[in-house]
Amino acid sequence: MFDGDVLSTQNFTFGNRGLLPLALGLLLSFPADSSAQNTPGPTSPTALSGYMEVHYTNAELEDGQLDFHRFILLITHQFSDRIRFVSELELEHALVAGLEEAGELELEQAYIDFLLSRSFNVRAGMLLMPVGIINERHEPPVFYGVERPLVETVIIPTTWFEPGVGIHGELGRGWRYRAYVTSPLNAARFSAEEGVRDGRQKGSRTNVGKAAATGRVEYVGIRGLTTGASFWAGSTGFEFRPRFDVPVRVVEADARYARARFEGRAQVAQVTIAGAGDLNDAIARTTGVNPNIARTLRGSYLEASYRVVSGARFGDVGTFVRYENVDTQFRMPAGYLPLQEFDRDAWVVGATYWPEPDIAVKFDYVHQRNRSAIVPAPHSFNIGLGWWF
Amino acid sequence: MRTLLLASGALLLGSMSVAPWAVSRAQDAPLVQTVDVAAERFSFTPSEIKTTVGTVLTIRLTSDDTAHGFRIVGSDVNIEIPKRSRGTATVTFTPEKAGRYTFECSKLCGAGHSFMRGVIIATEAPKDEE
């Protein structure tokens, strides 16, 4: 059909060596990649990869905690040029002993991609919701901070995955899209503090009486820039008897731009829960406790980072600062007052050391505040070790 | 806060630049075209390369994060792109027919690996005037 020819002639290059004579660099004498020729790409149809994260958290007024937060294995198989399988299996908190607080074994992705054309492809199985920055791009070396941003935890409930089917493709000039139909969230598990997070069904005998729809339009046409807008819409009241409708909408916009050593990120996200008053009444009737779920939840963050050392023999060092504002009680249904401790903001400052591009040693300090005069917002110091292979 | 977010978005858009392209030809020699392509989780930039049939297309590949692969589907081109700061991978490819040639990341690089695709669009070269 056509000729393809691989040339293997170019040497690898390095820049800005020896900028910081850090003692750490002397201790960690990582060998430079001295390959003189380009390496052929992999040819096996089956591949194994993974990433892991270990965290040390020292929150104010509490003892320090060491947690093997995530152990993830990715297995892929290419049946043909047009049909492939992708999976991601996650063990959270190192132990599976029942509830989420103890640990979870989760099938975060397991889908078949039918690659039909550049602009139209079909995907079916366990899917990551295409919402936000982190949900589809969450390998530890690619984001600053030990924990994921609060916005992408309690407004967008990462890691957010559900079974479903959908289409995706690239429309040209850097525009691409995803559109899926999946199982919905479960409103019976919503809360004042963490919003819709606990409503994820996670693909386990999920109710699909009324399927949810989600999608994202994204622009990646300029090097370093990724900007996109996402939505999710679904009816979430299926667990109640008598059944009633609790429509939920999630809208989100984000931008990420990296140039040379600088990277900036911005995101704004909002969740709307129609019928939140009826939902509170229904949960209170079932549990005896008013969950005080809001009708609108909102969050946003800005992050700026800079690699103060880049391309050195002992690795890279970057620093960052992030401001987050999260309010899971932003607008309340009639007759309900917001719980002020869940109107939070935080300054997060820290650094990441990459001894090599796929290993990240992270440090950060989280200065969290809330509007409550009674319930304090604990500050915390965190250390993380994450890697990808 | 909202104003800040909007302002930062405008700044980001304002600082955009276009990836370099270069096309040249010595007398009576085939056209030579060089394109720089950046790879990162989970996109190639640019993801669309336009060329003409018979042009010797040289693609210089760098990564902004982990190691990626670059494979042109249906051809022998399949090369590993070294990790950030570890250098450049270079491939050449000469389309012999007009058409669309899909390229993709051939090294598993994360949750969105299968989004890393692009296309080389080869059109017939305009005939030289006598």
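Computed from a predicted structure; not experimentally measured.

On a plain count of helices and strands, chain B comes out with one helix and ten strands. The helix and strand sequence of chain B, counted from the amino end, reads α-β-β-β-β-β-β-β-β-β-β. For chain B, with 130 residues in total, the buried portion stands at 49%. Put simply, 58% of the contacts in chain B that link residues at least 6 apart link residues at least 24 apart.

Within chain A one finds three helices and 18 strands. The buried share of chain A, taken over its 389 residues, is 42%. Within chain A, residue pairs in contact and separated by at least 24 positions form 59% of the contacts whose partners lie at least 6 positions apart.

Turning our attention to the pairing of strand β10 (residues 212-219) of chain A. Residue and element names in this part refer to chain A. Taken together, the eight bridges between strand β9 (residues 175-182) and β10 define a ladder with antiparallel strand orientation. By the bridge assignment, Arg-176 is partnered in β10 with Glu-218. Relative to strand β11 (residues 225-235), β10 runs antiparallel, the two being bridged by seven bridges. Bridging from a neighbouring strand, Tyr-219 pairs with Thr-227 of β11.

Now for the sheet that holds strand β9 (residues 99-104) of chain B. As summarised here, the arrangement of the six strands in space is β2(A)-β7(B)-β6(B)-β9(B)-β10(B)-β4(B), forming an open sheet in which the pairing is mixed. Where the open sheet ends on each side, the last strands, each with one partner, are β2 (39-40) of chain A together with β4 (48-52) of chain B. Pairing analysis gives two bridges linking strand β6 (residues 68-72) of chain B to β9 of chain B, with the strands arranged antiparallel. Residue pairing across strands places Ile-72 of chain B opposite Phe-103 of chain B, the latter belonging to β9 of chain B.

Another point: the nonpolar core. The biggest cluster of nonpolar side chains holds 44 residues, and the ones touching the most others in it are Val-151, Ile-155, Val-248, Val-271, Ile-273, Leu-279 and Ile-293 of chain A. Mapped by element, the contributors of at least two residues to this core are β7 (121-128), α2 (151-155), β12 (247-259), β13 (262-273), α3 (276-287), β14 (296-312), β15 (315-331) and β16 (343-356) of chain A. Residue contacts for Val-248 of chain A: discarding those within four places in its chain leaves Leu-185, Val-196, Gly-234, Thr-236, Val-271, Thr-272 and Ile-273 of chain A. Counting 31 residues, the second largest nonpolar core, distinct from the first, contains Ala-67, Phe-70, Phe-115 and Ala-122 of chain B.

So, about unusual backbone geometry. Residue and element names in this part refer to chain A. A cis amide bond links Thr-158 with the next residue in sequence, Thr-159, at an omega value of -5 degrees. Here Thr-159 lies in the loop between α2 and β8 (161-172). Phi at Ala-260 is positive, roughly 55 degrees, even though this residue is not glycine. Checked against the element boundaries, Ala-260 lands in the loop between β12 and β13. Backbone geometry at Asn-292 places phi at a positive 55 degrees, although glycine is not the residue there. By the element assignment, Asn-292 lies in the loop between α3 and β14.

For the rest of this paragraph, the subject is the interface of chain A and chain B. The interface of chain A with chain B comprises 62 residues on the first partner and 58 residues on the second. Here the residues of the side of chain A that touches chain B sort into 25 nonpolar, 21 polar and 16 charged. Strand direction decides the pairing type here: β2 of chain A and strand β7 (residues 78-81) of chain B, joined by two bridges, are antiparallel. In the strand pairing of β7 of chain B, Thr-39 of chain A is matched with Glu-80 of chain B.

Once that is clear, we can look at the confidence of the model for chain A. The predicted model of chain A has a mean per-residue pLDDT of 89, with 89% of residues at 70 or higher. For chain A, per-element mean pLDDT is lowest for strand β1 (residues 3-5) of chain A, which scores 34, and highest for β13 of chain A, which scores 98.

Residues and elements named next belong to chain A. Between its first and last C-alpha, α3 extends 16 Å over twelve residues, near the 16 Å set by a 1.5 Å rise per residue. Within the sequence span of α3, burial applies to Ala-276, Leu-279, Asn-280, Ala-282 and Ile-283. When α3 is viewed along its axis, its buried side chains cluster within an angular range of 165 degrees and face the same direction. Of the surrounding elements, those touching the buried residues of α3 are β13. Trailing α3 by a residue or two, Gly-288 shows a phi angle of about 85 degrees, which is positive.

Here we come to the environment of Ala-276 of chain A. All names here are of chain A. Along the polypeptide, Ala-276 turns up in helix α3. Separated by 28 residues in sequence, Ala-276 and Val-248 have C-alpha atoms that sit 9.6 Å apart. In this structure, Ala-276 is in contact with Ile-293, Ala-294, Arg-295 and Pro-333, ignoring residues within four places of it in sequence.

Here we come to the pairing of β6 of chain B. Residue and element names in this part refer to chain B. Burial of β6 is extensive: five of the five residues sit out of reach of the surface. Of the two faces of β6, the one lined by His-68, Phe-70 and Ile-72 and the one lined by Gly-69 and Arg-71 are each fully buried. Note that β6 and β7 share four bridges and pair antiparallel. When the sheet's bridge partners are listed, Gly-69 is paired in β7 with Glu-80. Connecting the antiparallel pair β6 and β7 is a turn made up of five residues, with Gly-74 showing a positive phi of about 85 degrees.

Parameters and conventions
- Residues numbered from 1 in each chain as written.
- Chains lettered and ligands numbered in written order.
- Predicted model: local features only at pLDDT ≥ 70, side-chain atom pairs only at ≥ 80, totals over all residues.
- Helix = DSSP H or I, 4+ residues; strand = E, 2+ residues; numbered from the N terminus.
- Buried ≥ 20, exposed ≤ 12 C-beta atoms within 10 Å, placed from the backbone.
- Contact = placed C-beta atoms within 7 Å.
- Pairing = 2+ DSSP bridges.
- Core = buried A, V, L, I, M, F, W, Y, C linked by C-beta atoms within 7 Å.
- Nonpolar A, V, L, I, M, F, W, Y, C, P; charged D, E, K, R; others polar.
- pLDDT = per-residue confidence, 0-100.
- Expected span 1.5 Å × (residues − 1).
- Arc of directions from axis to C-beta.

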